[in-house]
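Secondary and tertiary structure notes
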Amino acid sequence: MAVEEDVLYVLDLLVDCGLLFVLALLGIFGNISNILVLRLQGFTDTTNMILISLSFTDLLVSVLYTLTQLHTLISQFNIVLSITIPSLLGVCLLPLTFTLIAISICHTTFIAVERAVAVCFPFHVTRIFTRSATKNILIAIYALTFGLTSPHYFIAGFQWSFNEFLNATIATIVEEPFPMDHVIFNTYSLVFVNILYSVVTLIIIVVCSFLIIIQLIKMGHKNVAKQARYKKNELKVFKTLLVVCVVAAIIWIPTCLMDFITQYATQVSFTTAYLCQDVKTVLYMLSSSVNFIIYITTSSKFYKTYKRIFCRGEYRSLMR
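These remarks concern the structure in this document.

Notes on a nonpolar patch on the surface
- A surface patch of nonpolar side chains, about 490 Å² in accessible area, is lined by Val 191, Ile 195, Val 199, Val 200, Ile 203, Val 207 and Leu 211.
- Within the secondary structure layout, Val 199 lies in helix H8 (residues 182-221).

Quick notes on the pairing of strand S2 (residues 168-175)
- Of the strand pairs in this sheet, strand S1 (residues 156-163) and S2 are connected by eight bridges, and their pairing is antiparallel. The residue of S2 that forms the bridge with Phe 158 is Ile 173.
- Remark: four residues form the turn of the hairpin made by S1 and S2, two consecutive strands paired antiparallel; Asn 167 in that turn has positive phi of roughly 55 degrees.

Overview of the packing of helix H2 (residues 46-68) against helix H5 (residues 94-120)
- Taken N-terminus to C-terminus, the directions of H2 and H5 make an angle of 155 degrees; their axes are 9 Å apart at the nearest point. When the axis of H2 is compared with that of H5, the two are roughly antiparallel. You can see that H2 and H5 cross each other, and the crossing is left-handed.
- Along the lines of polarity and charge, the residues of the contact of H2 with H5 split into 14 nonpolar, nine polar and three charged.

Comments concerning the packing of H2 against helix H7 (residues 131-149)
- Two elements in contact, H2 and H7, have axes separated by 9 Å at closest approach and are oriented at 20 degrees. Judged on the interaxial angle alone, H7 and H2 are roughly parallel. In terms of crossing hand, the pair formed by H2 and H7 is right-handed. Every residue of H7 that contacts H2 at Thr 46, Met 49, Ile 50, Ser 53, Phe 56 and Thr 57 is listed here: Arg 131, Thr 134, Lys 135, Leu 138 and Tyr 142.
- Along the lines of polarity and charge, the residues of the contact of H2 with H7 split into five nonpolar, four polar and two charged.

Each value, and the rule that gives it
- The residue count restarts for each chain, going from 1 along the sequence in the order it is written.
- Given that the model is predicted, a residue must reach a pLDDT of at least 70 before its local features are reported, and side-chain atom pairs must reach 80 or more before they are shown or counted; all residues, however, enter totals for whole chains, interfaces and linings.
- Side-chain descriptors were evaluated using all non-hydrogen atoms of the structure, hydrogens and water having been removed beforehand.
- To count toward a patch, a residue needs a relative accessible area above 30% and no salt bridge. Like charges then connect within 9 Å, nonpolar side chains (Val, Leu, Ile, Met, Phe, Trp, Tyr) within 5 Å.
- For the accessible areas, the method is Shrake-Rupley and the probe is 1.4 Å, while residue cover comes only from the protein chains on display.
- Any carboxyl oxygen of Asp or Glu that lies within 4 Å of a side-chain nitrogen of Lys or Arg is treated as forming a salt bridge with it.
- Numbering of helices and strands runs from the N terminus; a helix is a DSSP stretch of H or I covering at least four residues, while a strand is a stretch of E covering at least two.
- For two strands to pair, DSSP has to find at least two bridges joining them.
- Axis angles are defined between N-to-C directions and span 0 to 180 degrees, where every axis is a line fitted to C-alpha atoms and, for a helix, only to the segment in contact.
- Orientation is classified from the angle alone, with under 35 degrees giving roughly parallel, over 145 giving roughly antiparallel, 65 to 115 giving roughly perpendicular, and any other angle giving oblique.
- What makes a crossing left-handed is the near helix being turned counterclockwise from the far one by less than a right angle; a clockwise turn instead makes it right-handed.
- Any residue outside Ala, Val, Leu, Ile, Met, Phe, Trp, Tyr, Cys, Pro, Asp, Glu, Lys and Arg is labelled polar, Gly included; the first ten of those are nonpolar and the last four are charged.
- Should any heavy atoms of two residues lie within 4.5 Å, those residues are considered in contact.

Written out as structure tokens, the structure reads:
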């Protein structure tokens, strides 16, 4: 048992102070870069509106996850703070982080649906997803997700108590009086919310990505008149956003499996649950940081604008 605890301790250090720190830096820098570049490319464009909103959400996820994982580093220096800080952050930031992750996957789902409509009904997509409609859908995603996840903000709190062993006052997480029965809350959270924002969104992303791939393959085999519906740049956008959707699906498939193992399977050992939680955290951080790499490797326009901003310092001149 002692050996197992030592292994988990070392794993915590490697993941929280190593891998997650690198992913957090990439997520913060990458999403700030995304916002700056996409804003210059045209905020009125509906696709850029979605991507900027997605980058903003992923930026917040990267920052919040960095804060919630600080306890591993702090525990090396102060045992009291290593107990108190996770309790405070767990109550204040974890529900918000969960909400933002759900909002992020909804953005990717929105991208998949919008691109599927664009490739299947190219003459109607601009009438369906107008600038005002896109803005309203994005507002609805934020509002609906905050509403559906709001019970998580009231289920737990923290209390201060004196610990005789540590000879210090520490904060610990406690259950708060909650109007909803805990059995009902667990059913609502684990069944409805979790399935809605993991399984349902994943299925939509996979189906829409499959439709996009099929349509792009058909276009490649048909005549030039069929391909003339799309500009060359639009095809590049299709491919970039398709990669975003496919990568999101690849990341979320194991995440859903981890959710099933930890929440629905019976007789799961502590070590298995702990490792699953570590893997899920890494996948969440990867999901929030990978889009910058996708944009810069698949979009020459994004790369050129990024190079002009950060390599030549032309942001102000480009804004004019």
